[in-house]
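Understanding the architecture of this molecule
If you want the building blocks of each chain, they are given just below.
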Number of protein chains: 2
Amino acid sequence: MAAYEYLGMPREEIDTPVLLVELEVLEANIEMLARHFRESGKHLRPHTKSHKTPAIAHKQLEAGAIGITCAKLGEAEAMAQAGINDILVANEVIGPKKITRLMSLARHCDIMVAVDNPENLAQLEEAAARAGVKPRILIEVNIGHNRCGVAAGSQAAVELAKAAARCRHLRFFGLMGYEGHVVDLEDREAREGGARECLQRLVNTRADIEGEGVAVQICSASGTGDYYLSTTYAGITEVQAGSYALMDVAYGKLDLGFGYALSILTTVVSRPSPERVITDAGLKALTPEHGLPLVKDHWELECHALSEEHGRLRTRQGTSDIPVGAVLEFIPGHGCTTVNLYDQLHAIRKGRLEAIWPVAGRGKSR
Amino acid sequence: MAAYEYLGMPREEIDTPVLLVELEVLEANIEMLARHFRESGKHLRPHTKSHKTPAIAHKQLEAGAIGITCAKLGEAEAMAQAGINDILVANEVIGPKKITRLMSLARHCDIMVAVDNPENLAQLEEAAARAGVKPRILIEVNIGHNRCGVAAGSQAAVELAKAAARCRHLRFFGLMGYEGHVVDLEDREAREGGARECLQRLVNTRADIEGEGVAVQICSASGTGDYYLSTTYAGITEVQAGSYALMDVAYGKLDLGFGYALSILTTVVSRPSPERVITDAGLKALTPEHGLPLVKDHWELECHALSEEHGRLRTRQGTSDIPVGAVLEFIPGHGCTTVNLYDQLHAIRKGRLEAIWPVAGRGKSR
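Conventions and cut-offs
- Residues numbered from 1 in each chain as written.
- Chains lettered and ligands numbered in written order.
- Predicted model: local features only at pLDDT ≥ 70, side-chain atom pairs only at ≥ 80, totals over all residues.
- Heavy atoms only, no water.
- Core = buried A, V, L, I, M, F, W, Y, C linked by side-chain atoms within 4.5 Å.
- Buried < 20%, exposed > 50% of the residue type's maximum accessible area, 1.4 Å probe, protein only.
- Contact = heavy atoms within 4.5 Å.
- Helix = DSSP H or I, 4+ residues; strand = E, 2+ residues; numbered from the N terminus.
- Least-squares fit on C-alpha atoms with pLDDT ≥ 70 in both.
- Buried area = accessible area lost by both parts, 1.4 Å probe.
- Salt bridge = Lys/Arg side-chain N within 4 Å of Asp/Glu carboxyl O.
- Polar contact = N/O pair within 3.5 Å; in protein donor to acceptor, adjacent residues only side chain to side chain.
- Pairing = 2+ DSSP bridges.
- Lys, Arg positive; Asp, Glu negative; His and termini not counted.
- Phe/Tyr/Trp six-rings, centres within 6.5 Å; stacked < 30°, edge-to-face > 60°.
- Lys NZ or Arg CZ within 6 Å of the ring centre and 35° of its normal.
- Domains from an automatic or database assignment.
- Nonpolar A, V, L, I, M, F, W, Y, C, P; charged D, E, K, R; others polar.

With 206 residues, the main nonpolar core has Leu26, Ile87 and Ile139 of chain A together with Leu26, Ile87 and Ile139 of chain B as its most contacted residues. Sequence-distant contacts of Leu26 of chain A, defined by excluding residues within four places in its chain, comprise Val21, Ile56, Lys59, Ala245, Leu246, Ala261 and Trp357 of chain A.

We now examine the environment of Leu292 of chain A. Residue and element names in this part refer to chain A. Mapped onto the elements, Leu292 comes out in the loop between strand 12 (276–279) and strand 13 (294–295). Taking the C-alpha atoms as reference points, Leu292 and Gly311, separated by 19 residues in sequence, lie 9.5 Å from one another. Ignoring sequence-local partners within four residues, the contact set of Leu292 consists of Val249, Cys303, His304, Ala305, Leu306 and Gly333.

Before going further, it helps to examine the relation of the copies chain A and chain B. Structural alignment of chain A on chain B gives an RMSD of 0.0 Å, achieved by rotating through 180° and translating 0.0 Å along the axis. Here the transformation between the copies is reduced to the relation of a two-fold axis. Measuring from the rotation axis to each C-alpha of chain A, the shortest distance belongs to Leu341 of chain A, at 3.2 Å.

This part takes up the interface of chain A and chain B. Contact residues are listed per partner, giving 57 residues for chain A and 57 residues for chain B. Contact between chain A and chain B buries roughly 4400 Å² in total, counting both sides, with carbon and sulfur atoms accounting for 45%. Connecting chain A to chain B are 12 salt bridges. At the surface where chain A touches chain B, the tally comes to 34 residue pairs in polar contact (both at pLDDT 80 or more). Looking at the side of chain A that touches chain B, the elements with two or more residues in it are strand 4 (86–92), helix 4 (96–105), strand 11 (262–273), strand 12 and helix 10 (335–339) of chain A.

Turning to the pairing of strand 14 (residues 301–306) of chain A, a few remarks are in order. Residue and element names in this part refer to chain A. Across 5 bridges, strand 14 lies against strand 15 (residues 311–315) in antiparallel orientation. Across the sheet, the residue bridging to Cys303 is Leu313, located in strand 15. Linking two consecutive strands that pair antiparallel, namely strand 14 and strand 15, is a turn of 4 residues.

Moving on, we come to the side chain of Asp248 of chain A. All names here are of chain A. Inspection of the secondary structure assignment puts Asp248 in the loop between strand 10 (238–239) and helix 9 (249–252). Buried charge Asp248 goes without a salt bridge, the closest partner of opposite sign being Lys49 at 8.3 Å. Separated by 3.3 Å, the side chain of Asp248 and the backbone nitrogen of Ala250 make a polar contact. In terms of polar contacts, Asp248 uses its side chain to reach the backbone amide nitrogen of Gly335, at 2.8 Å. Those residues within four positions of Asp248 in sequence are excluded, and the remaining contacts are Tyr260, Pro332, Gly333, His334 and Gly335.

Within the structure shown, the criterion is met by 8 aromatic pairs over all chains. Look at Tyr227 of chain A and Phe258 of chain A: their rings are 6.1 Å apart centre to centre, the planes differ by 55°, and that puts the pair in the tilted class. Taken together, the residues Tyr227 of chain A in helix 8 (residues 227–230) and Phe258 of chain A in the loop between helix 9 and strand 11 connect sequence positions 31 residues apart. Taking relative accessible area as the criterion, Tyr227 of chain A reaches 7% and is therefore assigned buried. Overall, the relative accessible area of 9% leaves Phe258 of chain A in the buried class. Ring geometry for Tyr244 of chain B against Phe258 of chain B: centres 5.7 Å apart, planes inclined by 55°, an arrangement best described as tilted. Separated by 14 residues along the polypeptide, Tyr244 of chain B in the loop between strand 10 (238–239) and helix 9 (249–252) and Phe258 of chain B in the loop between helix 9 and strand 11 (262–273) bring together distant segments of the chain. Taken together, the aromatic side chains of Phe37, Tyr227, Tyr228, Tyr244 and Phe258 of chain A make up a single cluster linked through ring pairs. The side chain of Arg136 of chain A reaches across the aromatic face of Phe173 of chain A, ending 5.5 Å from its centre.

This part is about the side chain of Arg312 of chain A. Of note, Arg312 of chain A is situated in strand 15. Within the structure, Arg312 of chain A has its side chain in polar contact with the backbone oxygen of Asn146 of chain B (distance 2.9 Å).

Let's shift gears to the domain arrangement of chain A. Size of an interface: often given as the accessible area lost when the parts come together. Residue and element names in this part refer to chain A. Under the domain assignment, chain A is made up of domain 1 (47–243) and domain 2 (262–358). At the interface, 11 residues of domain 1 touch 8 residues of domain 2. Interface of domain 1 and domain 2: buried area, both sides summed, is about 670 Å²; carbon and sulfur atoms make up 68% of it. In terms of surface lost to domain 2, no three residues of domain 1 exceed Ser50, Lys52 and Thr53, which account for 46% of the buried area on that side. The interface formed by domain 1 and domain 2 contains 0 residue pairs in polar contact (both at pLDDT 80 or more). Looking at the side of domain 1 that touches domain 2 residue by residue, the class counts come to 3 nonpolar, 4 polar and 4 charged.

Put into structure tokens, the structure is as follows:
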């Protein structure tokens, strides 16, 4: 039986655990952020690492996104195969095999890739010349997250940008930075204060580079927790927010106005006592590193632990008469890594299954 | 190019991140535990939730395992399709859709399934009658883990066993319990003390049931951290250990004599400072809930954080001259959920790729 034979079935009849996206909420989230970018005059290049799903990326593009951001080559390949053209791989592409893949991909879409060291830049230039393609380059700047990136405000950043601008087979487009250590802080003051420091570093580095006569077209940064700040910086041209589309418990705490579009449908499999409810969604159905799930529409139930195959709930007070076989919905703590566990996303509208979308960017670990 | 065209390639040439199993270590682990069971006269029914890979399950059976344990129906279906016959689903099977699948599966293998409540037992009996199959049943007993299971030593446990024994279309075989809250405790005394309490509860419950004239053939419990204890109990007939085959950092701390067979090959993608090393394996390549990975053969490097796509390492003291592009190996904190991220397991012998095995039980969230 093909998947389409299930379309139209009520949500509660889909066997569990299964990953759901509520289309009304997804579309409202996409529209809300798109409106902000239309009004601010800045560009949104949504990070698709959260959903990894071409069908959702296309909705973001239709709503006005300039292109998409991917975390790695495998995701970019999946998105290009789904017809998406303007793609930033917001990471370094290292090693001869991946560089060969990158140059092949450059024939099928307008790819842009991050660079943070001169040796890698030289390898890319040589490979692009050999392949006869001209990928775009952004210099990744470490603006405080201390992961990859050349140091903000350093001479090395200026030199790397100048070297990139001299390349004949790479097109230097500008800079990117990511304030990943502050973007999801629940404390608004700490988040915004930290983000401002980071964004200022990026803008200053841009000024350093332009001061040397190198033109910067793109300056990309930020995420769901601080997109509204970066659009106030004249020097920043585009934003990589991604989690806003599906959302999760961790970003929900920031009270940004986006709704929970993502959930896991789960069945009660055991009622060992009146206070305890055991369901069939555990660590293989959702990830715990940003916190445990909420139980939608059942705030009397609290998930206190996830085993590999079980969600372990208890009543917040008193007892519950929810029976074995009842269906619950978890809002996951971390959407990005939860989606990564699934091959398919089940799209729901008005309580019924409207589409089954392949999570085409999953499993592309490489 | 088909996968077999890559066979024979040196491990270091496989593009990263990729999940590896070292066959020499895997085979030694399997043989070490098999020897213990040959000598103890007890049965090993290895839990395949750790590897989810039929090729490994077959190695365990060849070494003498009596059958296998699965965490859920989807895994059992994958294993049955790979020709495995004697399968325990060590969980309750709830809801009409899953029960229908279970009865279909019962035509293709000798399935055994856990039950912890009388309504579910009645549903299984009715479905088995309708399908004309006779699956085996174990009563799941809560021996202290407080997840699923009927309370150890309770009248309810005895009644459920008696009801199961009366079923005409289900074959009652006995009991299972799992001391999951103590099985991986690093403190040996706490682990063994806790396990003894739990195992005694299981053995006592068995005696209660047999005291009512109900024969118990199988009494199943325990895991990698305490298998050697349960084989000393006359009332326990088989053990569900699973992690011993691949191992991980969490179980490595217990010093049980099994080697690390599982690893993730990862490439250095950035060297932002002499003390910092960034690699391409993060939360989408391995799981953190039981701890961060070790860096094999590079004990001078410490993984202090995993981002979604990055392993973040620092030197334990001084600096490191490991270059961008170098290949490292992570031993994952938790093998079971790490394997669950991958579609394939790359099997290595003598430093070369010997096989690419589908992780057939992955993605069977249901």
